[in-house]
Amino acid sequence: MKPETDDLLRLLSPVRRVRGNRLYTADGARYLDLWLDGGRAILGERERQARVQAANAADKGLTRCYPGLYDRRFAKAVLAAWPGFAAIRVFLNDERALAALGRLGAKPETPRVLQTPSSSARFILPRLPCPRPFAPAPVLARSEADFGSERGELVPQLMLAAGARALASWAGAEREGYGPGLWARFDKRLSAWFERDGPWLWARGRPRGAEYERFFRACMAGGALVSPDPDEPSAVPPDFDDGELVKLVRALASAARAD
């Protein structure tokens, strides 16, 4: 993350526990997490399925960078989630993936779940709905020829198992109601303050700099954590209640009156 985004996150008291999409801090506060670690935690409570899969793989000793049975399973899951791409290379993290793409003279698009890349995108580096410590970095291309001699790298099977499980859990979340009906419930209270595209949220008017910091602080005062980066979206969380949204609206309205 950029230094300024870290600075905003440090406004939080130390986080002592995370449960689903709620954060509990050392000073006794509770926050509704709308940032969800850049979308990686958009599964909420369902995220534990990926964590369990990772733990099971760790119990089998699959923590080393060897080829294994999950290579093909992971590739199939990722290519199914972002149709239109036919080839995949996997890297240990985003930085290593971007370095490889730099050698190819390419800059990828970085879609999240339910974000469709542009038709002109030759490469994408999708962000998986998977806990950051377990998430590999897949790069997708339109064809095998696009990768040239780039072969990707071996990553621990633990990460591939967790990533494939997270994508399966995401498909289940969509079937079980994480969709337009839930997002409309959020809009009913917060549409004056957020622009929405699918589940993804931006501060209305796309403020930046000091203006965005005021927005971020107002959301914290309202018991919600939004993206610390104005260029990165927040998200409608998979679980919330009206009381949490009312508290957030009041804080945002109070901050607007103060301005």
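As shown above, the structure is provided for reference.
This report concerns the structure included in the present document. (Residues numbered from 1 in each chain as written. Predicted model: local features only at pLDDT ≥ 70, side-chain atom pairs only at ≥ 80, totals over all residues. Heavy atoms only, no water.)

Judged by pairing direction, the sheet is antiparallel, and its 3 strands sit side by side in the order β4-β6-β5 without closing on themselves. Where the open sheet ends on each side, the last strands, each with one partner, are β4 (87-91) and β5 (123-124). Two strands pair when backbone bridges link them, and β4 and strand β6 (residues 137-141) are joined in this way by 5 bridges, in the antiparallel orientation. Note that in β6 the partner of V90 across the bridge is P138. Strand contacts of helix α4 (residues 94-103): β4, β5 and β6, with the helix running at about 30 degrees to β6, the strand carrying the most contacts. (Pairing = 2+ DSSP bridges. Helix = DSSP H or I, 4+ residues; strand = E, 2+ residues; numbered from the N terminus. Contact = heavy atoms within 4.5 Å. Axes fitted to C-alpha atoms, helices over the stretch in contact; angles between N-to-C directions.)

Secondary-structure assignment places N21 in the loop between β1 (15-19) and β2 (22-25). A relative accessible area of 3% means that N21 is categorised as buried. Only 2.8 Å separates the side chain of N21 from the backbone oxygen of D239, close enough to count as a polar contact. In contact with N21, other than residues within four places in its own chain, are Y31, L32, D33, L36, G44, P237, P238 and D239. (Buried < 20%, exposed > 50% of the residue type's maximum accessible area, 1.4 Å probe, protein only. Polar contact = N/O pair within 3.5 Å; in protein donor to acceptor, adjacent residues only side chain to side chain.)

Treat this as a map of the structure, not an account of what it does.
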